[in-house]
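# Observations on the model geometry
Now for the letters of each chain:
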Amino acid sequence: MKENISKTLSRARWGSIALILFGLVLVIYPDFGSKTVAGIIAWILMGIGILGLVVGVLSWPAFGFGTLAGSALSLVIGFYIMRSPLSLASILGVLLGALLTVQGLGALGDTLRLRRNGQLWIPGLIWSILTLVLGLILIFSPMTTSRVVMTVVGIIMILCGAGNLYTHAKVTPFIRPTGEKGKIIDADE
């Protein structure tokens, strides 16, 4: 019993160490995470594209041109992302920046209406300006979002791995071999 628990804790320790190391990689080189995610998405898109082309050719009378066109587009997009993996993070950053800019402009309009009606408008003004500025930063520097997210994920991974190692170190002294004094006996035994 103790051997099984010890083996499990040993594997968990190695997993925690791997978690810490991968977290360090993300903190030091956040684009690694974006490239990895983009690579996975690219392979999925290319697989769907190839499968769709095969199905489209074999079932031409039933599916027609739409399946072939959609599958070819999926294959091309997957290939493009594979060749330029950070382009996906960049495109998403620009889209998020555009969304935040539009939201900031809408919030600014709401703030001006609040001011005209004599309502509390200063917090809305601050929020709309912050949203606009963040949106414009993302439009002009789209990789910022990806890098910040990957760095935060890396920090969380490091903390989780370190917490696991700490917990394992605290639990190990309480593992007793079978038959040793102080063993908790199950009532069903």
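These numbers come from a predicted model, not from an experiment. (Residues numbered from 1 in each chain as written. Predicted model: local features only at pLDDT ≥ 70, side-chain atom pairs only at ≥ 80, totals over all residues. Heavy atoms only, no water.)

### What to know about the overall build of the chain
Selection criterion: Counting from the N terminus, the helices are DSSP H or I runs at least four residues long and the strands are E runs at least two residues long. For every residue, the accessible area (1.4 Å probe, protein chains only) is compared with the maximum for its type, and the residue is labelled buried under 20%, exposed over 50%, or partly exposed between those bounds. Whether two residues are in contact is decided by their heavy atoms: any pair within 4.5 Å suffices.
Scanning the chain for helices and strands turns up seven helices and zero strands. Scanning the chain from its N terminus toward the C terminus, one meets helices and strands in the order α-α-α-α-α-α-α. Across the 189 residues in the chain, those meeting the buried criterion constitute 25%. Taking contacts inside the chain between residues at least 6 apart in sequence as the whole, the part at least 24 apart equals 76%.

### Considerations on the side chain of S34
Residue position: S34 is located in helix α2 (residues 31-58). You can call S34 buried: its relative accessible area is 6%. Aside from chain neighbours lying at most four places away, what touches S34 is L86, A89, S146 and M150.

### Things to note about the packing of α2 against helix α5 (residues 86-116)
Where we set the bar: To get an axis, a line is fitted to the C-alpha atoms, and for a helix only the part in contact is used. The angle between two axes follows their N-to-C directions and goes from 0 to 180 degrees. If an angle is under 35 degrees, it is roughly parallel; if it is over 145, roughly antiparallel; if it lies from 65 to 115, roughly perpendicular; otherwise it is oblique. When residue character is reported, Ala, Val, Leu, Ile, Met, Phe, Trp, Tyr, Cys and Pro are called nonpolar, Asp, Glu, Lys and Arg charged, and the others, Gly included, polar.
Between α2 and α5, whose axes approach to 7 Å, the crossing angle comes to 100°. With respect to α5, the element α2 is oriented roughly perpendicular. Along the contact surface, α2 presents D31, S34, K35, A38 and I41, while α5 presents L86, L88 and A89. Classifying every residue of the contact of α2 with α5 by side-chain character gives five nonpolar, one polar and two charged.

### Quick look at the side chain of H168
Within the fold, H168 resides in helix α7 (residues 143-171). Using a relative accessible area of 12% as the deciding quantity, one classes H168 as buried.

### With respect to α2
Given 3.6 residues per turn, any residue in an α-helix points the same way as the ones three and four places further on. Worth spelling out the cut-off: Here the expected length of a helix is defined as 1.5 Å per residue gap, with one fewer gap than residues.
The end-to-end C-alpha distance of α2 is 40 Å, a good match for the 40 Å that 28 residues give at a rise of 1.5 Å each. When α2 is considered as a whole, its buried residues turn out to be D31, G33, S34, A38, G39, A42, M46, G49, G52 and G56.

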